There are 2 protein chains.
Amino acid sequence: MAVQKSKVTIFDVAKASGVSSSAVSYALNGKSGVSEDTRAKVLKIAHELGWKPNGAAQALAKSKTQRIGLVLGYDPKLLAVESYMMELISGLGAELEKHDYSLLVRMAVGEHAKLSIIKDWIATGNVDAMLLVNIELGDPCVTLLEEHTEMPVLAIADASVSGNLPTLSSADADAVRQAVQYLYDLGHRHIARVAGPEMLAHSYIRDSAFSDVATELGMRYRCLHTDYTPETGSEATKRLLSFPEHPTAIIYDNDVMALSGLGVATAEGITVPDDLSIMSWDDSFMCTAAYPNLTAMGRDVVGTGTKAAELLLKLIDGERVGNVMEEPYELRQRGTTGPVPAER
Amino acid sequence: MAVQKSKVTIFDVAKASGVSSSAVSYALNGKSGVSEDTRAKVLKIAHELGWKPNGAAQALAKSKTQRIGLVLGYDPKLLAVESYMMELISGLGAELEKHDYSLLVRMAVGEHAKLSIIKDWIATGNVDAMLLVNIELGDPCVTLLEEHTEMPVLAIADASVSGNLPTLSSADADAVRQAVQYLYDLGHRHIARVAGPEMLAHSYIRDSAFSDVATELGMRYRCLHTDYTPETGSEATKRLLSFPEHPTAIIYDNDVMALSGLGVATAEGITVPDDLSIMSWDDSFMCTAAYPNLTAMGRDVVGTGTKAAELLLKLIDGERVGNVMEEPYELRQRGTTGPVPAER
DNA sequence: TTGTAGGCGTTATCAT
DNA sequence: ATGATAACGCCTACAA
């Protein structure tokens, strides 16, 4: 009798157990105000009848939707090119599931779509909280949400671009430092970075860290921007390799571009890692599938999703969440990085 | 004045425009029963006040949530290894957005989690319809949903495994035929398939088509199953290549495994495509990033998502949807397939 | 054309 | 401990 055809309400349960609807409500919500006997009976009957609370009614009465909102920028290319978002959703969703929360997803297709979706959620109350990802430089969403303190928000971003919103801070800057230092230690003195879109805040953060560290260490460096696709990645690589004194190591902002860079090098007769070292950001399956395996800066994105869910639930509970640091990246040394070529 | 702090209701709008709440409701919903003058005034004031209908209240009154449910099997590995789901969500979400629908996502973590999430949605009415993907052989979800005709469902699967549910049929079987014929025409007479998990219905469909066509054409063939990861893909490839008379062409069920297969071949001194042809399923960025570019069976997954959204909305409107065919795959010939080696 | 009132299913307050 | 009863915000007959 698990599931009934016609929806059974709290009144049906009340009638069947010979008590009032409020008694049923108390019993089902584990609140005091009802004897253990009746509670047991009500629970039993509710189960037999296959009763489940109607979501809309519950949401209306409690002004709680049990939903977390996530806006995705609609660019199938960007979304498909990286496993980041899917991993984040996995971690997020799995943790939310434990607390009877769901994930409400909307695609922001046009220009100000993201902003208007957020406004919509604030006004309609269709979510209890929001997760803000892929923040852009000067993102108006941040300002809007700063004003609307009634809507709990967690930003996943570098703390420097998320205003005073509670933030799960990326470890990007540190990771860039770690990667560059690693190449330095291998003897590289001329490196390049093939970055993602310039307007993304995390591109900017990585860009800055990259030039800062390289400068600090007295390295020559170059940074080219792409749209994350292998085509633009290849192009950037070709440009970098077109000079006789080309960089001896390249760090790519994602794995697809690293893979395409590896291809370009191979096609041009440049041996990796003997003549050129290649590093990928965001270690994915692709990195271990490629030959040679790609050295990568990896991190636990699923774990980040889990953490984000925990923090969001805290925010919903009214707890304060400041600026929480994400787990650091981990350098996974594989087959595409090595000492700088001697004769250069 | 776009967005207000305290939530504004239709009563506020009614008071501000000097009419009753029902007049406001009619005006805002574009229904007759109110003069054009008052309608205009109400709309203006509602906009000024930043009124938006409360989602829960609307859902309760209309028993319509404006939400489509999607259950994802929680296996971050499987989810992350392919861009399929993210692309599907992109297309789905973008189309839903046009009709003011959102996507409600939940992760099925345990064994019967998927089933109980579906039961939950049936009972709580938290979604207006569901999309069923990644159906397994003998999937109990299909049976459950067949019984609950009150919940509109669209299955994305081969029609043979989705019972009598409305289905957006995959073109998998045809695509397998096309791929095998292509290899046959190149002269290959001994081929292999490195497939995904055996319990997935679409693996089974492809397996069957594969053996059928190969038999028809009088080809030798082999089929090994994996869990979609590059590790198991490599392993399968090694096993296939370990025999002196190994297949001259391998079709992989996803791109990561095809890439890892390419790596294994390269590492063993087998030249692709001269000594071995490699084909990938599900053309992704990885295929054009790899060197040489991977020949692949590609399809418009985003388009499938769009189509699915359209069909779901029809179902919600009470229209009948039978068995709609997905757009066919397209063979994208690139650098990893070629004529069968002469001296074998 | 307009306003009044009841219903959607729960939760929560108030008497009893 | 229990049972009416009023929110929650919107929609929609039904009267006026």
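All values derive from a computational prediction rather than experimental measurement. (Residues numbered from 1 in each chain as written. Chains lettered and ligands numbered in written order. Predicted model: local features only at pLDDT ≥ 70, side-chain atom pairs only at ≥ 80, totals over all residues. Heavy atoms only, no water.)

Here we look at the overall build of chain A
Counting its secondary structure elements, chain A contains 14 helices and 12 strands. For 344 residues, the compact-globule estimate of 2.2 N^0.38 gives 20 Å, and the C-alpha radius of gyration of chain A, at 26 Å, exceeds that figure by more than 25%. A burial count over chain A gives 56% of its 344 residues as buried. A sequence separation of at least 24 residues applies to 72% of the contacts in chain A between residues at least 6 apart. Each charge class in chain A can be summarised by its mean position, and for the 31 positive and 45 negative side chains these summaries are 8 Å apart. (Helix = DSSP H or I, 4+ residues; strand = E, 2+ residues; numbered from the N terminus. Rg over C-alpha atoms; globule rule 2.2 N^0.38 Å. Buried < 20%, exposed > 50% of the residue type's maximum accessible area, 1.4 Å probe, protein only. Contact = heavy atoms within 4.5 Å. Lys, Arg positive; Asp, Glu negative; His and termini not counted. Charge placed at Lys NZ, Arg CZ, Asp CG, Glu CD.)

Brief notes about the packing of aromatic side chains
All names here are of chain A. Following the criterion strictly, the structure yields four aromatic pairs over all chains and no others. Aromatic side chains Trp-281 and Tyr-329 sit 5.3 Å apart centroid to centroid with 55° between the ring planes, which places their arrangement in the tilted category. Of this pair, Trp-281 sits in strand 9 (residues 277–281) while Tyr-329 sits in the loop between strand 11 (323–325) and strand 12 (330–332); the two residues are 48 residues apart in sequence, bridging distant segments of the chain. The two residues Trp-281 and Tyr-329 agree in class, both being buried. Taking the ring centre of Tyr-184 as reference, the NZ or CZ of Arg-189 above it sits at 3.7 Å. (Phe/Tyr/Trp six-rings, centres within 6.5 Å; stacked < 30°, edge-to-face > 60°. Lys NZ or Arg CZ within 6 Å of the ring centre and 35° of its normal.)

Description of the sheet that holds strand 12 (residues 330–332) of chain B
Pairing between the strands of a sheet comes from backbone hydrogen bonds, and it takes one of two forms, parallel or antiparallel. Residue and element names in this part refer to chain B. Read from one edge of the open sheet, six strands run 7-6-8-9-10-12, paired in mixed fashion. The sheet is open, and its two edges are formed by strand 7 (220–225) and strand 12, each paired on a single side. This sheet shows a mean twist of 20° between the axes of neighbouring strands, independent of strand direction. Contacts between helix 9 (residues 172–185) and the sheet are confined to strand 6 (190–195), strand 8 (249–252), strand 9 (277–281), strand 10 (295–298) and strand 12, with strand 9 contributing the most and set at about 165° to the helix. Each of strand 6, strand 8 and strand 9 touches helix 12 (residues 255–267); the most contacted strand, strand 9, lies at about 160° to it. (Pairing = 2+ DSSP bridges. Axes fitted to C-alpha atoms, helices over the stretch in contact; angles between N-to-C directions.)

A word on the relation of the copies chain B and chain A
The two chain copies are connected by a rotation around an axis plus a translation along it. You can overlay chain B on chain A at an RMSD of 0.1 Å; the transform is a turn of 180° with a shift of 0.0 Å along its axis. Viewed as a symmetry operation, the transformation between the two copies matches a two-fold axis. Both copies contact each other with a shared surface, as 100% of the interface residues of chain B are interface residues in chain A too. (Least-squares fit on C-alpha atoms with pLDDT ≥ 70 in both.)

Topic: the nonpolar core
The tendency in soluble globular proteins is for nonpolar side chains to be buried as a group. Core analysis: the biggest nonpolar cluster contains 60 residues, and A:Leu103, A:Leu131, B:Leu103 and B:Leu131 have the highest contact counts within it. The contact partners of A:Leu131, leaving out residues within four places of it in the chain, are A:Gly69, A:Leu70, A:Leu88, A:Leu92, A:Leu154, A:Ile156, A:Ala308 and A:Leu312. With 58 residues, the next largest nonpolar core counts A:Leu240, A:Val264, A:Leu294 and B:Leu276 among its residues. (Core = buried A, V, L, I, M, F, W, Y, C linked by side-chain atoms within 4.5 Å.)

Points about helix 1 (residues 10–17) of chain A
Residues and elements named next belong to chain A. All buried positions along helix 1 are accounted for by Val-13, Ala-14 and Ser-17. Relative to the axis of helix 1, the buried residues are bounded by an arc of 100° and lie together on one face. Exposed side of helix 1, more than 90 degrees from the buried face: Phe-11 and Lys-15 are the residues found there. Contacts made by the buried residues of helix 1 are with helix 2 (21–28) and helix 3 (36–49). A distance of 3.0 Å separates the backbone nitrogen of Phe-11 from a side-chain oxygen at the start of helix 1, and that oxygen is part of Thr-9. (Arc of directions from axis to C-beta. Polar contact = N/O pair within 3.5 Å; in protein donor to acceptor, adjacent residues only side chain to side chain.)

Some points on the packing of helix 11 (residues 230–241) of chain A against helix 12 (residues 255–267) of chain A
Residues and elements named next belong to chain A. Their axes nearest at 8 Å, the elements helix 11 and helix 12 cross at an angle of 45°. Compared by their axis directions, helix 11 and helix 12 come out oblique. As helix 11 runs across helix 12, the sense of the crossing is right-handed. Of helix 12, the residues touching helix 11 (which contributes Pro-230, Thr-232, Gly-233, Ser-234, Thr-237, Lys-238 and Leu-241) are Val-256, Met-257, Ser-260, Gly-261, Val-264 and Ala-265. A breakdown of the residues in the contact of helix 11 with helix 12 according to their chemical character gives six nonpolar, six polar and one charged. (Parallel < 35°, antiparallel > 145°, perpendicular 65-115°, else oblique. Left-handed = near helix turned anticlockwise from the far one by under 90°. Nonpolar A, V, L, I, M, F, W, Y, C, P; charged D, E, K, R; others polar.)

Section: the pattern of salt bridges
Residues and elements named next belong to chain B. In total, this model carries 36 salt bridges over all chains according to the counting rule given. Note that Arg-206 is salt-bridged to Asp-253, the shortest N-O span being 2.6 Å. Highlighted residues: Arg-206 in helix 10 (residues 201–216) and Asp-253 in the loop between strand 8 and helix 12, separated in sequence by 47 residues. Comparing Arg-206 with Asp-253, the two get one shared label, buried. In this structure, Asp-283 engages Arg-334 in a salt bridge whose closest nitrogen and oxygen atoms are separated by 2.9 Å. Remark: Arg-334 occurs in the segment after strand 12 and Asp-283 occurs in the loop between strand 9 and helix 13 (285–289); sequence separation between them is 51 residues. By relative accessible area, which is 16% here, Asp-283 ends up buried. (Salt bridge = Lys/Arg side-chain N within 4 Å of Asp/Glu carboxyl O.)

Describing the interface of chain B and chain A
Between chain B and chain A, the residue contacts involve 62 residues of the former and 62 residues of the latter. The junction of chain B with chain A conceals about 5,300 Å² of combined surface from both sides, 69% of it contributed by carbon and sulfur atoms. Our enumeration of links across chain B and chain A arrives at four salt bridges. Among the ionic pairs, A:Arg106 bridges to B:Glu97, the shortest N-O distance being 2.5 Å. If one sorts the elements of the side of chain B that touches chain A by residue count, helix 6 (residues 84–98) of chain B sits on top with eight residues. Grouping the amino acids of the side of chain B that touches chain A by side-chain chemistry returns 35 nonpolar, 15 polar and 12 charged. As paired elements, strand 2 (residues 102–108) of chain A and strand 2 (residues 102–108) of chain B share three bridges and run antiparallel to each other. (Buried area = accessible area lost by both parts, 1.4 Å probe.)

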